[in-house]
Each structure stands twice: as C-alpha cells, then as structure tokens.
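What follows is the residue order along each chain.
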Amino acid sequence: MVEPEAVAVSADGDGRLLTDDLFSNQSIDHPFDFFAALRDADPVHYDPRWDGWVVTRYEDVLAGFKDYESLSSDRFAGPWGSDGQRPSAHEKLYEVLSDFFVWKDPPEHTRVRGLMNKAFTPRSVEQLRPRTREIVQDLGASLRGGRNADFLNGFAFHLPVIVISEYLGVPATHREDIKRWSEDLGGVIFVKAGDKDRKARANRAVEGLSSLFRELVEARRSEPREDLLSGMLQAGEGDDGLSDDEIISNAILMIFAGHETTMNLLSNGIVAFDRFPDQWRRLQDDPDLVRPAAEEILRYDGPIRAMARWARSETEIGGQRIKPLDRVLLVPISANHDPRAFEDPESFDIDRSPNKHLAFGYGIHMCLGAALARMETQEAFRFLAREFDRIEVAEEKLQYKETIISRSLKTLHINAHDRAIG
Amino acid sequence: MTAMRESRTEIWASVDPDLCAAVTMCSAMAPSAFRLEGDVSVYVADNDATADEILEAAESCPMAAITVTEERTGEQLFPDKPSLQS
C-alpha cells in the first residue's frame, strides 16, 4: 500500500508525474499523459483536494463498477448527503435531480431501469436510425465548404437534442427551449459546484422542463402517441410503475444525458480523426468500419472522464482498503488507455478488436443510452466521411472545460473540405 | 407441465462474453436462465424459463450480446437482423 503523500506532488521515476491534481491543466488538457503517470505511480490514489480515491487501472475500474453493493451511486446520500447539496433556494433542482435513476442504488434503480430499458435496447434504437440519418444530413449541410465552421454548436449540439426530443415526443416548437434548458442544467451537473448563478440558472431550467413535461404527460395520458412519454405512462400503470414525478424527472434526465455526452463524443471523434488522418482514409475506403470506429472513439477519447461513487460498506480496490463513506472516483478515460488492457492504447485504430472499453461504464449502471449514442455516432461519422475529404480542427489550442467528470471541449471549429465527387 | 418443458428446451441461448457488460437485464428477465459468472453473464441450459422469457431477456440486452436459436433446426430467433450484432 502506498502512502498517499508519497506521490502527492513530486515526480515519479521517469519524472513524468509532475502533479496529481485532478483539476490541474495537465489533467484537464492532457488526461492521457496525466493518468498514465498516475496509473503507474499510484493506481488507487488518495486525492486530498477531491477528498477521495482515484482509481485508474482498467482492472480496478472494472472491479469498482461491478462492486455496486459496496460502492453506491447515490449522489444525495453518504458523503454527499449533508454537504449543502440541498440549497433551499433551488428546491426544484434538488427534487428533480434526486429522482434521476442513475443516482439510485438497487432495488429502486433496478425497478426504474427495468421500465426504461425497453425503449433503449439496440432493437428499439434501430427504429430511430432512418430519421437520425435525415437529421444528420440537414445539420451537416451547414458544415459544407465551411472555413471555420462551428462543429460543436452547429452540429454536435443539435443532433442528440433533436433525436431525443423527437423520441420523447416534444413538439418541435419547444426545441429551442429544450436546448437552452439542457445546456443550463449541464452547467450544474458536469461543472464544478459552488457557482450561485449557475445553480439559479439550472433551477430555472429544471422548472421550465418540469412544467413542459407535466403538460405533455397530461396530454399523452388522454391521447397516447407512439412516443417515449406515452410509453413511460403505459409502464407507469402497474403497482411498480412510474409516478408522474418520476416520468418527468427521468424525461429531463433523458434530454440532458443524451445531449451533453453525445455532443462531446462527436467532437472528441473529430479531434481523434484529425490527429490520425490515416484512420479517416480508412473509414472513407470502408464505411462499414463506422461501427468499430464509434467504439474506438469511445475508448480513445470518450465523453466521460470519471464516475463518482462512495462506499456504503468497507471494500477493497486493487489492494487498497476503502473505508465506509470514502469517496471513490472511477476513471474510465484512464482505464481505456491502460496498456495492461489494450494493445498500443495511444494509437487510434478504428478497427480495434477486441475493444472492451469502459466508456459507458460496466454492470448495472452501464449507460442506458449506449445503443442510442452508438447509433448517432455511427450515422454522424458515416455521413461526415462520405461528404468530406478531410476535416481539420481549426482551433489554435484545444480548450477543455475544467471538470473532472466530463471530457468537454469549450469550442470546436473545423475546416471541412468537401469531397470531390469522382 | 411436460408440454411447457418441451417447448422450453427447444430454445438455446448464448451470451457473447466479448460484448456482455454485466448489466444483468437478462437475469432480471429470466433469472433461472442467466447467471453472472465473473465479469459476464452466462446462459444456464438447465432452467425453468419459458421461450418467451428467454427471447425477452435477449431483446432486453443493451449490448445485443445474446443470441437465441431454435435447438432442433439451428434457426436464429434473435437477433433477427444480423447487423445488430456487428
């Protein structure tokens, strides 16, 4: 067992670990290098700033995800239960967020996930593919011939919001509201807490979303349609079903979770292909590689850096004893670059096999929207590789948001070179 | 009872360990037919689940990791679109 202090600030043998600060520039801008050093120096590392264990090796992250009995996902209990997460000024925010099923443990989690699961199976999601293809075409037109086109706000932001809004059954007239609210809500979930303005904005966003969904739930109750809200209402009819509040909270979760993460996934993919132009050629030569390519984007630079847990009971990770109430940060972005699990992990290989990355997590909390994110990413890159000879990143320096949870670019402009029709 | 068992044994399922992410939707749907072993779920041949339960379990898998075949003919019952698996 390594003493946390032993590696806290100094360099390791190679002189590579200059800092263990998760919020440092090194960590935010160069996570692959940062975590490579941490993985070797101290794979289950105590970080005094975050006040918890940072788990970076593939095997240990996997074990952490599987150990849901000891490691709780409940963000409103344990060490997070009494640290001012319940600000009276933001009641609605608290009420809605605390109903998000991602932050529940079994048996509650099992019940809600079981009811939501059917709508997000690979087969259900396949039904959305043709419409997603159309949306991609429409949005993609804005990138054509574009010098300095805004990929993040002009394409990546819109695609997932439109797909999930339509799936839920939100009328197109509310789309701009949805986008704005979703963005404001993202500001409080993924970014460092403590910003009062941000919390107030997020609270207003949640109030807006709640009243919109409450209206829609009422409308669908009297007149069901072929959409997800009607589906959730139907699933709500049994004894174990969803209450209206749960439907509304989880509809908000769908909007938000489908937006921020997929947007980052698409953008990070553009950056990866820019860095490895030979892989772009490969995709152009063989468009069917888009399925493994989506997996490789997820592995190489997925949208989630880390997932937080806390110990309900004493457990052990990688030989380190984790005491009750200790916080644990599982870091898939590190696990996915662990040479113990992946051959040549720093190379971006769109036909990598096997590729059992942990970008969606693992076990009972594995991302519900995984199939949807995959499908959207496949359709986006199928289109982009077909239409554009090259996509160059047009940022002088890539800037990432200062968050330890998500891997989010602040902006992403591109030069998209149209493909000559041969 | 005998009839039910016979119809059940005509179904065979398998879990692709390279795809399985231990989400355990399958064992929630058909507890006697799927069991977590190490990092992945496995199919338990000797089970009490009905064919419908096993098919539903396969369909519920978020990773499309489960294949269901008819034992006698070898016909693949799920997934019906091979593209879902690639």
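Everything quoted here is computed from the prediction, not taken from an experiment.

Criteria and cut-off values
Residues numbered from 1 in each chain as written. Chains lettered and ligands numbered in written order. Predicted model: local features only at pLDDT ≥ 70, side-chain atom pairs only at ≥ 80, totals over all residues. Heavy atoms only, no water. Pairing = 2+ DSSP bridges. Helix = DSSP H or I, 4+ residues; strand = E, 2+ residues; numbered from the N terminus. Axes fitted to C-alpha atoms, helices over the stretch in contact; angles between N-to-C directions. Contact = heavy atoms within 4.5 Å. Buried area = accessible area lost by both parts, 1.4 Å probe. Salt bridge = Lys/Arg side-chain N within 4 Å of Asp/Glu carboxyl O. Polar contact = N/O pair within 3.5 Å; in protein donor to acceptor, adjacent residues only side chain to side chain. Nonpolar A, V, L, I, M, F, W, Y, C, P; charged D, E, K, R; others polar. Phe/Tyr/Trp six-rings, centres within 6.5 Å; stacked < 30°, edge-to-face > 60°. Lys NZ or Arg CZ within 6 Å of the ring centre and 35° of its normal. Buried < 20%, exposed > 50% of the residue type's maximum accessible area, 1.4 Å probe, protein only. Expected span 1.5 Å × (residues − 1). Core = buried A, V, L, I, M, F, W, Y, C linked by side-chain atoms within 4.5 Å. pLDDT = per-residue confidence, 0-100. 1 Å grid on protein atoms, 1.4 Å probe; cavity = no way out; pocket = protein on both sides within 12 Å on 5 of 7 lines; lining within 4 Å. Points joined across faces, edges and corners; volume = space filled by probe spheres on them.

Okay, the sheet that holds strand 5 (residues 76-78) of chain B next. Residue and element names in this part refer to chain B. With respect to topology, three strands assemble into an open sheet ordered 1-4-5, the strand pairing being antiparallel. Two strands close off the open sheet at either side, each with one partner strand: strand 1 (11-15) and strand 5. Here the strands of the sheet are splayed against their neighbours by 35° on average, with no regard to which way each runs. Lying on the sheet, helix 3 (residues 51-60) is in contact with strand 1, strand 4 (66-70) and strand 5; it crosses strand 4 at an angle near 150°.

Listed per partner, the contact involves 17 residues of chain A and 23 residues of chain B. At the boundary of chain A with chain B, total buried surface from both sides reaches about 1,800 Å², with 54% on carbon and sulfur atoms. Three residues, P122(A), R123(A) and R291(A), lead the burial of chain A against chain B; their summed loss comes to 29% of the area buried on that side. At the boundary of chain A with chain B, the tally comes to three salt bridges. The partner of R123(A) in a salt bridge is E59(B), and the shortest N-O contact between them spans 3.2 Å. Our enumeration of links across chain A and chain B arrives at 10 residue pairs in polar contact (both at pLDDT 80 or more). Those elements giving two or more residues to the side of chain A that touches chain B turn out to be helix 3 (58-66), helix 5 (108-117), helix 6 (122-126) and helix 17 (370-387) of chain A. Taken together, the residues of the side of chain A that touches chain B sort by class into six nonpolar, four polar and seven charged.

Once that is clear, we can look at the sheet that holds strand 10 (residues 413-418) of chain A. Residue and element names in this part refer to chain A. Ordered in space as 4-10-9, the three strands form an open sheet in which the pairing is antiparallel. Of all the strands in the sheet, just strand 4 (149-150) and strand 9 (388-393) have a single pairing partner and so form its edges. Alignment of strand 9 against strand 10, held across five bridges, turns out to be antiparallel. For F388, the partnering residue across the bridge sits in strand 10 and is D418.

In this section: the packing of aromatic side chains. Residues and elements named next belong to chain A. Tallied over the entire structure, the rule returns 19 aromatic pairs over all chains. Over the ring of W80 we find R75; its NZ or CZ atom is 4.2 Å from the centre of that ring. A cation sits over an aromatic face here: R407 above Y400, 3.7 Å from the ring centre.

Quick look at unusual backbone geometry now. Each neighbour pair has its own omega, and for S353(A) with P354(A) the value is -5°, a cis peptide bond. Position of P354(A) relative to the elements: it lies in the loop between helix 16 (332-335) and helix 17. F78(B) connects to P79(B) through a cis peptide bond whose omega is -5°. With respect to the secondary-structure elements, P79(B) resides in the segment after strand 5. The phi torsion at L325(A) lies on the positive side, around 75°, for a residue other than glycine. Tracing the backbone through its elements, the reader meets L325(A) in the loop between strand 7 (320-322) and strand 8 (327-330). Of the residues examined, L325(A) reaches a relative accessible area of 53% and is grouped as exposed. Within the chain, D344(A) stands out as a residue other than glycine whose phi angle is a positive 45°.

Residue and element names in this part refer to chain A. Under the defined criterion, the tally for this structure stands at 44 salt bridges over all chains. With its nearest N and O atoms 2.9 Å apart, the salt bridge here joins E134 to R131. Taken together, the residues span about one helical turn, with E134 and R131 both in helix 7 (residues 129-140) at a distance of three residues. Residue R131 is classed as partly exposed on the basis of its relative accessible area, which comes to 34%. Close ionic contact of E379 with R382 constitutes a salt bridge, the shortest N to O distance being 3.7 Å. Of this pair, E379 and R382 both sit in helix 17, three residues apart, roughly one helical turn. A residue is classified by how much of its surface remains accessible, and E379, at 2% relative accessible area, is buried. The class of R382 is partly exposed, set by a relative accessible area of 22%. When salt bridges with common partners are traced through the structure, they connect E126, R129, R133, E379 and R382 into a single cluster.

Turning next to the pairing of strand 3 (residues 40-43) of chain B. Remark: a regular strand shows side chains that alternate across the two faces of the sheet. All names here are of chain B. Bridge count for strand 2 (residues 34-37) against strand 3 is four bridges, and the pairing is antiparallel. When the sheet's bridge partners are listed, R35 is paired in strand 3 with V42. Once strand 2 ends, the chain turns through two residues before running back antiparallel as strand 3, passing G38 with a positive phi of about 65°.

A few words on helix 15 (residues 290-301) of chain A. Residues and elements named next belong to chain A. Taking 1.5 Å as the rise per residue, helix 15 with 12 residues should run 16 Å; its terminal C-alpha atoms sit 16 Å apart, in good agreement. Most of helix 15 is tucked away: 11 of the 12 residues are buried. Turning to helix 15, its buried residues are V290, R291, A293, A294, E295, E296, I297, L298, R299, Y300 and D301.

Attention now moves to the nonpolar core. Soluble globular proteins: nonpolar side chains tend toward being buried together. Formed by 158 residues in total, the largest nonpolar core has its most connected members in L168(A), F213(A), F381(A) and F34(B). The biggest single contributor to this core is helix 13 (residues 244-275) of chain A, with 15 residues. With residues up to four places along the chain from it excluded, the contact list for F381(A) reads L266(A), G269(A), I270(A), F273(A), W280(A), L283(A), V290(A) and I297(A).

Moving on: the pairing of strand 1 of chain B. Residue and element names in this part refer to chain B. Only one face of strand 1 is covered, namely the face carrying I11, A13 and V15; the face carrying W12 and S14 is uncovered. Relative to strand 4, strand 1 runs antiparallel, the two being bridged by five bridges. Residue pairing for strand 4: S14 is matched across the bridge by T67.

A separate point is the confidence of the model for chain A. Scored by pLDDT, chain A has a mean of 89; 92% of the residues are at 70 or more. With pLDDT under 50 throughout, residues 1-15 of chain A is counted as low confidence; its partners more than four residues away or in other chains account for 19 contacts.

Turning to empty space enclosed by the protein, a few remarks are in order. By rolling a water-sized probe across the atoms, one finds the places where empty space is left. Residue and element names in this part refer to chain B. One pass over the structure, following the stated rule, counts three cavities of 30 Å³ or more. Its boundaries defined by the atoms lining it, the largest cavity holds a volume of some 100 Å³. Lining the largest cavity are 15 residues, with C20, V23, T24, C26 and C61 sitting closest to its centre. Grouping the constituent residues of the lining of the largest cavity by class yields 13 nonpolar, two polar and no charged.

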